[in-house]
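Architecture at a glance
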Amino acid sequence: MGAPASDSPAPAILAEVKPVVIPRRVLVEHHRDFHWITEKICGIVEGKTPVWWWWCFGLAAIIASFTVSGLVYLVATGVGVWGHANPVNWAWDIVNFVFWIGIGHAGTLISAILCLLRQKWRTSINRAAEAMTIFAVVCAAIFPVFHVGRIWFAVMPGWLFPFPNSNAIWQNFRSPLEWDVFAVSTYGTVSVLFWYVGLIPDLGTMRDRFTAAGNLFKARIYGFFAMGWRGSNRQWSNYEMAYLILAGISTPLVLSVHTIVSFDFAVSLIPGWHTTIFPPYFVAGAIFSGFGMVMTLMLPLRAIYRLEDLITQYHIDCMCKITLATGTMVGYAYSMEFFIAWYGANPYEGFAFINRAFGHYAWAYWIMIGCNVITPQFFWFKSVRENTTLVWILSIFVNVGMWFERFVIIVTSLARDFLPSSWGYYSPSVVEIFTFFGTFGVFSFLFLLFIRFVPIMPMSEVKAVIPAADPHGSSKH
Amino acid sequence: MNKTYGLIAAFDTTPELYHACEKVRDAGYSQWDALTPFPIHGLDAAMGIRRSQVPRFSLVGGITGFLTGMSFIAWLGWVEYPLIVGGKPYFSPMFAFPVAYELTILFTAFATIGGMFFLNKLPMHYHPVMKAPQFVRALDDRFYIVIEGNDPKYNATATRDLLAKIGGKDIVELEN
């Protein structure tokens, strides 16, 4: 270690330590200015509806009709149209529910947790990810609501919501299933509120632009939802505080939602479910699957709307790295489950895990391992992260893998429970398959409406992270 | 009512607005505001705005939510229909906690947003500054300072001079 070359010897303790300034990667490429951002984002909503949008919208509507028909048939006939039979009485309905609710978690992670951690790269993907959350919660909610069969019973005799039944008996509040009702409905509500609060300034921008362009009809509609926002700093002061608090409460919320979802299993006594690792493992898995979906959605959007300056390679790198981190955590949880099954020396628990990996559902288990543990490992490599097509394909694998994770957990444990005489093999019915397939249509339908009518990026937040937004000149940071 | 709402001056860059705000604050004005397309870091101090009061609403909302969850489940177990399930007590804060926790968050969210709307006096679909022709750029790429006519220090010529001196452009009088 060479001492600095100077006449006097260097002091043992420096009077002032200057930290090394590591240059930060820019969040908006090509030195775009405020107006360019406004034009770019508003231009997507103001421009003519592209032809591809109509094709996708039509296709999404057709696929969504599968869910609608499946649900109508279910309500008209009964829950027997699904393939549930002893001993597997929980199957695709709850698999799909957990799958969709997990996807939503990445949106809240981006909007809330990354906000608290001051990760400024969140700004350009935040709005779309939160929209994804809301639509994923909509898709998730379909399954618990419809699994009661006569859906009107979900409210009035209180099969889901807290109202007493005809014998005046209330729900069992000791049950995680009842906690789940509160967790998911709170999550849906708070996600919508948080999303809407983030939208207010941008809706104000849209209102003013439509007013200036003379389109009073649209100006009225956007203006109604903009609540008369005028960007005054006295408003911003309260707004920023409210946004911070919402981020602060959404963080424990998102962690609690998947924790409570995992309680649905962990509080039971079924081997393979009754484990204390479930809450953190489910939360990591949820964020993993959600980032998979964020990339599945954002990469095509980036290519179609030429958003490369706003969703830069840096953003993709960050998303890939979070996917890698959470995917590896999930892989750790899988191996730890096996370890504890062996270390716990409970024969039922041990059997449940051996059966998962080598039993008659082994195909599902190895799809899960392949997609969730091996796929994200490719993100170690820079060349993979820079290949957008490959990242997109890998993100699809993540989505598939996380669906299989829930399937493996739920179905394998039930199909081989304590009594060999009651063992069975579950296969979904056509109605179930169509209903689940259709939820992708429902999701895409809502997401396409979102990108057509709502600014897909929070303009005010993106503007705030470019160097020109720094009141002390950009050189100081 | 006064016919003039106040004066509006435009600024092109964030640092210009920031330093102009410091000067308006130091000149002793109280009824004035800055219009910006995005929240500017540190502008509250430059304008002399106190810390936001929104957290008070949030705290009240959170406490209400928690007590609602706990007391609802306690009422069910003790009063409405005492029922022994699995040999457990009628009520315990342990099993009531998840529901109370979620309601804490739910009520905090509503209180926070309600508080923000109340403090910002939203919805307010009409405001004199919205009539200004340059307002379209207030939520796009330009920055404005508005000094209101009902400020005790307001004087049509002196205030206009101040705004011009601190670098304000396109100074216009706003009508009510």
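One numbering rule holds for all chains: residues counted from 1, following each sequence as written. Whichever chain is written first is A, and whichever ligand is written first is 1; the rest continue in order. Where local features are concerned, this predicted model is filtered to residues with pLDDT of at least 70; where side-chain atom pairs are given and counted, the filter is 80 or more; whole-chain, interface and lining totals use all residues.

**Remarks on the overall build of chain B**
Heads up, the condition is: A helix here means a DSSP run of H or I that spans at least four residues, while a strand means a run of E at least two residues long, and both kinds are numbered starting from the N terminus. All radius of gyration figures rest on C-alpha atoms, and the globule criterion is 2.2 Å times the number of residues raised to 0.38. Three exposure classes are used, all based on how many other C-beta atoms lie within 10 Å of a residue's own C-beta (placed from the backbone): buried at 20 or more, exposed at 12 or fewer, and partly exposed between those limits. Two residues form a contact once the distance between their C-beta atoms, set from the backbone, is within 7 Å.
Looking only at helices and strands, chain B has 5 helices and 4 strands in total. Reading chain B from its N terminus to its C terminus gives the helix and strand order β-α-β-α-α-α-β-α-β. Compactness check: chain B gives a C-alpha radius of gyration of 25 Å against a globular reference of 16 Å for 176 residues, more than 25% above the reference. Seen through its C-alpha atoms, chain B measures out along the principal axes to roughly 80 × 35 × 30 Å. Expressed as a percentage of the 176 residues in chain B, the buried residues total 44%. Taking the intrachain contacts of chain B between residues at least 6 apart in sequence as the baseline, contacts between residues at least 24 apart amount to 81%.

**Digging into the pairing of strand E2 (residues 32-35) of chain B**
All names here are of chain B. The criterion, for reference: In this scheme, strands are said to pair when DSSP sees at least two bridges between them.
Burial of E2 is two-sided: the residues Trp32 and Ala34 facing one way and the residues Asp33 and Leu35 facing the other way are all buried. Note that E2 and strand E3 (residues 143-148) share 4 bridges and pair antiparallel. Its bridge partner being in E3, Trp32 is matched across the sheet by Ile147.

**Side note on the domain arrangement of chain B**
Rules: Note that the domain bounds reflect an automated or database-derived domain assignment.
When its domains are assigned, chain B resolves into domain 1 (4-51 + 130-175) and domain 2 (54-119). Domain 1 of chain B and domain 2 of chain B are separated by 44 Å when their C-alpha centres are compared.

**A short note on the sheet that holds strand E1 (residues 4-11) of chain B**
Residue and element names in this part refer to chain B. Selection rule: Angles here are taken between N-to-C directions and fall from 0 to 180 degrees, while the axes themselves are lines fitted to C-alpha atoms, restricted in helices to the stretch in contact.
On the basis of which strands lie adjacent, the open sheet formed by 4 strands has the order E2-E3-E1-E4 and antiparallel pairing. Every other strand in the sheet has two partners, leaving E2 and strand E4 (169-175) as the edge strands with one partner each. The average angle at which neighbouring strand axes cross in this sheet is 20 degrees, direction not considered. Against the sheet, helix H5 (residues 156-165) contacts E1, E3 and E4, and its axis sits at roughly 10 degrees relative to E1.

**A word on helix H3 (residues 92-116) of chain A**
Residues and elements named next belong to chain A. The test is simple: Expected helix span is computed as 1.5 Å times (number of residues minus one). Take the seven residues that end at a residue and the seven that start at it, fit an axis to each, and the angle between those axes is the bend at that residue.
Over its 25 residues, H3 runs 35 Å from end to end, which matches the ideal 36 Å to within 8%, given 1.5 Å per residue. Along H3, the sharpest kink reaches roughly 40 degrees, centred on Leu109. Of all the 25 residues making up H3, 23 are buried; the element is thus mostly covered by neighbouring parts of the structure.

**Topic: the environment of Met293 of chain A**
All names here are of chain A. Among the structural elements, Met293 can be located in helix H8 (residues 278-304). When the C-alpha atoms of Met293 and Ser395 are compared, they prove to be 6.8 Å apart, with 102 residues separating the residues in sequence. When sequence neighbours within four positions are dropped, the list of residues in contact with Met293 reads Ile103, Ala106, Met132 and Asn399.

**Regarding the pairing of E1 of chain B**
All names here are of chain B. Buried residues dominate E1, accounting for 7 of its 8 residues. Alignment of E1 against E4, held across 5 bridges, turns out to be antiparallel. Looking across to E4, one finds that Gly6 is bridged to Leu174. Bridge analysis of E1 against E3 gives 6 bridges, and the strand direction is antiparallel. In the strand pairing of E3, Ala9 is matched with Ile145.

**Topic: the interface of chain A and chain B**
Contacts between chain A and chain B engage 57 residues on the former and 58 residues on the latter. Counting residues per element, the ones that place at least two in the side of chain A that touches chain B are helix H1 (34-46), helix H5 (176-213), helix H7 (233-266) and helix H15 (459-464) of chain A.

**Examining the nonpolar core**
In a soluble, globular protein the nonpolar side chains are often hidden away together inside. The test is simple: Buried Ala, Val, Leu, Ile, Met, Phe, Trp, Tyr and Cys residues whose C-beta atoms connect them within 7 Å together make up a nonpolar core.
In terms of nonpolar packing, the biggest core is built from 150 residues, with Ile101, Met132, Ala136 and Val294 of chain A touching the most fellow members. A per-element tally of this core places H7 of chain A first, with 16 residues. Apart from the residues lying within four places of it in its own chain, the contact partners of Met132 of chain A are Ile103, Gly107, Met293, Val294, Leu297 and Phe447 of chain A. With 34 residues, the next largest nonpolar core counts Ala10, Ala34, Phe38 and Phe135 of chain B among its residues.

**Remarks on the packing of helix H4 (residues 123-146) of chain A against H8 of chain A**
Residues and elements named next belong to chain A. Rules: In what follows, roughly perpendicular refers to angles from 65 to 115 degrees, roughly parallel to angles under 35, roughly antiparallel to angles over 145, and oblique to any angle outside these ranges. In this scheme the crossing of two helices becomes right-handed for a clockwise turn of the near helix relative to the far one and left-handed for an anticlockwise turn of less than a right angle. The residue classification treats Ala, Val, Leu, Ile, Met, Phe, Trp, Tyr, Cys and Pro as nonpolar and Asp, Glu, Lys and Arg as charged. All others, Gly included, are polar.
Across the interface, H4 lies against H8 with an axial gap of 10 Å and an inter-helix angle of 125 degrees. Taken as axis vectors, H4 and H8 run oblique relative to one another. Seen along the crossing, H4 lies across H8 with a hand that is right-handed. Residues Ile125, Ala128, Ala129 and Met132 of H4 form the contact with H8, whose own contacting residues are Met293, Val294, Leu297, Met298 and Leu301. Grouping the amino acids of the contact of H4 with H8 by side-chain chemistry returns 9 nonpolar, no polar and no charged.

**Observations concerning unusual backbone geometry**
Asn86 of chain A connects to Pro87 of chain A through a cis peptide bond whose omega is 0 degrees. Relative to the helices and strands, Pro87 of chain A is located in the loop between helix H2 (51-77) and H3. Cis geometry marks the peptide bond from Leu122 of chain B to Pro123 of chain B; its omega dihedral reads -10 degrees. If you trace the backbone, Pro123 of chain B turns up in the loop between helix H4 (93-119) and E3. Phi angles above zero are rare outside glycine, and Lys121 of chain B is one such case at about 55 degrees. With respect to the helices, strands and loops of the structure, Lys121 of chain B is situated in the loop between H4 and E3.

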